[in-house]
Amino acid sequence: MSSERLDEVARGGVPDWLPFSKIKLYTNAFVRQDGKLLLGYKKRGFGKDLYNGFGGKVEPGETPAQAALRELEEESGIAAPLEHCGVLFFVLPDLEQAFHIDIFRAEEYSGAITESDEMRPQWFDIEPAYATPNAKPAAADGSPKEHNTGLPPIPYDQMWADDPFWLPLMLAGRHFAGRADFGSDGRLQKWWFGAKPV
Ligand SMILES: COc1nc(N)nc2c1ncn2[C@H]1C[C@H](O)[C@@H](COP(=O)(O)OP(=O)(O)OP(=O)(O)O)O1
């Protein structure tokens with residue numbers, strides 16, 4: 001991401017950021033198509049039982065973009081023309097390492113979506129009203145709105161607590177960056193998110 005200033009989108013929590021002694025590089029990739037967002041239900045390991053994009057550690061000798069393509073294929077069976085759209089940094093109290101995560105997105109894919117040992121892929125509705133957490137779909141006259149896709153909404157209540165801050169930015173086509181520090185209860189304890197001006 002360029003050094004252009006970001007507009008602050010959200011900030012909150014306690015005064016001080018958590019310390020960390022090591023940074024590990026990760027990726028996370030999101031594919032959307034025809035009003036749908038593909039997420040994976042994590043079946044094991046870190047983030048088990050949460051929905052997320054497809055991603056993991058950047059291996060030695062790989063660029064983040066190469067790692068993102070590899071992880072997407074390994075975890076969901078598909079290939080996609082991924083574009084970099086954001087950077088996130090997370091610190092958890094019980095982990096020595098901090099997470100530096102390059103986020104990628106694509107609007108098309110090839111191959112057959114396939115469940116892996118790690119992830120069970122599932123499509124969700126990204127009807128604009130659902131792009132923000134807790135939003136209820138409504139027509140212009142206020143009546144409940146039919147879904148075009150018939151799919152469930154993005155399951156923010158089964159995702160990491162940071163996701164409601166930046167996922168809507170990604171869905172809106174913004175470039176973003178942010179940091180979130182977690183408490184030992186799994187809740188956010190301090191956060192900041194920003195996006196490139198539109
Ligand atoms: C702490 O907050 C987080 N929020 C979100 N939205 N995503 C996160 C957070 N912390 C980690 N992640 C992402 C980063 C990666 O995409 C995955 C974790 O990757 P994993 O540990 O599964 O890495 P792999 O290389 O696939 O692991 P294996 O060794 O099991 O193959 O979560």
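An account of the accompanying structure is given in this report. In this text, all values refer to a predicted model and were calculated from it rather than measured experimentally.

Digging into the pairing of strand E5 (residues 83-91)
Residues in a regular strand point their side chains to alternate faces of the sheet.
Moving on, step 1. Taken across its nine residues, E5 has seven buried, putting it largely inside the fold.
Moving on, step 2. Sheet analysis places E5 next to strand E6 (residues 97-106), joined by seven bridges and oriented antiparallel. Each residue of the ladder has a partner; that of Phe90, found in E6, is Phe99.
Moving on, step 3. Sheet analysis places E5 next to strand E8 (residues 176-182), joined by six bridges and oriented parallel. Bridge pairing in E8 places Phe90 opposite Ala180.

Remarks on the side chain of Lys190
Moving on, step 1. With respect to the helices and strands, Lys190 occurs in strand E9 (residues 188-195).
Moving on, step 2. Here Lys190 is buried and forms no salt bridge, its nearest opposite-charge partner Asp16 lying at an N-O distance of 6.7 Å.
Moving on, step 3. Side-chain polar atoms of Lys190 contact the backbone oxygen of Pro15, separated by 3.2 Å.

Description of the nonpolar core
Moving on, step 1. Counting 31 residues, the largest nonpolar core has Leu37, Ile103, Ile154, Trp166, Leu167, Met170 and Phe176 as the members making the most contacts within it.
Moving on, step 2. Listing elements by their share of this core, those giving two or more residues are strand E2 (22-33), strand E3 (36-42), E5, E6, helix H2 (163-171), E8 and E9.
Moving on, step 3. Counting 13 residues, the second-largest nonpolar core is a separate cluster that includes Val31, Ala68, Leu72 and Met119.

Re the pattern of salt bridges
Any two side chains of opposite charge can pair, on the condition that their charged atoms come close.
Moving on, step 1. Scanning all chains against the criterion turns up nine salt bridges.
Moving on, step 2. When the shortest N-O distance is used, the salt bridge between Asp49 and Lys48 registers 3.5 Å.
Moving on, step 3. Across the salt bridge formed by Asp181 and Arg179, the nearest N and O atoms sit 2.9 Å from each other. Here Asp181 matches Arg179 in class, with each residue buried.

Section: the packing of aromatic side chains
Moving on, step 1. Applying the stated rule across the entire model yields 13 aromatic pairs.
Moving on, step 2. Measuring from centroid to centroid gives 5.1 Å for Phe165 and Phe193, while their planes differ by 5°, and the two rings are stacked. Here Phe165 is found in helix H2, whereas its partner Phe193 is found in strand E9, with 28 residues between them in sequence.
Moving on, step 3. A relative accessible area of 25% means that Phe165 is categorised as partly exposed.
Moving on, step 4. Residue class for Phe193 comes out buried when judged on its relative accessible area of 0%.
Moving on, step 5. Lying over the aromatic face of Trp123, Lys36 brings its terminal NZ or CZ to 4.3 Å of the ring centre.
Moving on, step 6. The ring of Trp17 carries Lys190 above its face, with NZ or CZ at 4.7 Å from the centroid.

Points about the site of the ligand
Moving on, step 1. Taken together, 22 residues form the shell around the ligand, and within it Thr27, Lys42, Glu118, Asp162 and Asp163 come nearest.
Moving on, step 2. Within the side chain of Asn52, one N or O atom sits 3.1 Å away from a nitrogen atom of the ligand.
Moving on, step 3. One nitrogen or oxygen atom from the side chain of Glu71 is found 3.4 Å from an oxygen atom belonging to the ligand.
Moving on, step 4. Its free accessible area being 670 Å², the ligand has 85% of it covered by the protein chains.
Moving on, step 5. Contributing elements (two or more residues each) for the shell around the ligand: E2, helix H1 (64-76), E6 and H2.
Moving on, step 6. Top contributing element to the shell around the ligand by residue count: E2, with three residues.
Moving on, step 7. Partitioned by chemical class, the residues of the shell around the ligand number nine nonpolar, five polar and eight charged.

Cut-offs and rules
Residues numbered from 1 in each chain as written. Predicted model: local features only at pLDDT ≥ 70, side-chain atom pairs only at ≥ 80, totals over all residues. Heavy atoms only, no water. Buried < 20%, exposed > 50% of the residue type's maximum accessible area, 1.4 Å probe, protein only. Helix = DSSP H or I, 4+ residues; strand = E, 2+ residues; numbered from the N terminus. Pairing = 2+ DSSP bridges. Lys, Arg positive; Asp, Glu negative; His and termini not counted. Salt bridge = Lys/Arg side-chain N within 4 Å of Asp/Glu carboxyl O. Polar contact = N/O pair within 3.5 Å; in protein donor to acceptor, adjacent residues only side chain to side chain. Core = buried A, V, L, I, M, F, W, Y, C linked by side-chain atoms within 4.5 Å. Phe/Tyr/Trp six-rings, centres within 6.5 Å; stacked < 30°, edge-to-face > 60°. Lys NZ or Arg CZ within 6 Å of the ring centre and 35° of its normal. Near = heavy atom within 4 Å. Areas by Shrake-Rupley, 256 points an atom, 1.4 Å probe, with all protein chains shown as cover. Nonpolar A, V, L, I, M, F, W, Y, C, P; charged D, E, K, R; others polar.

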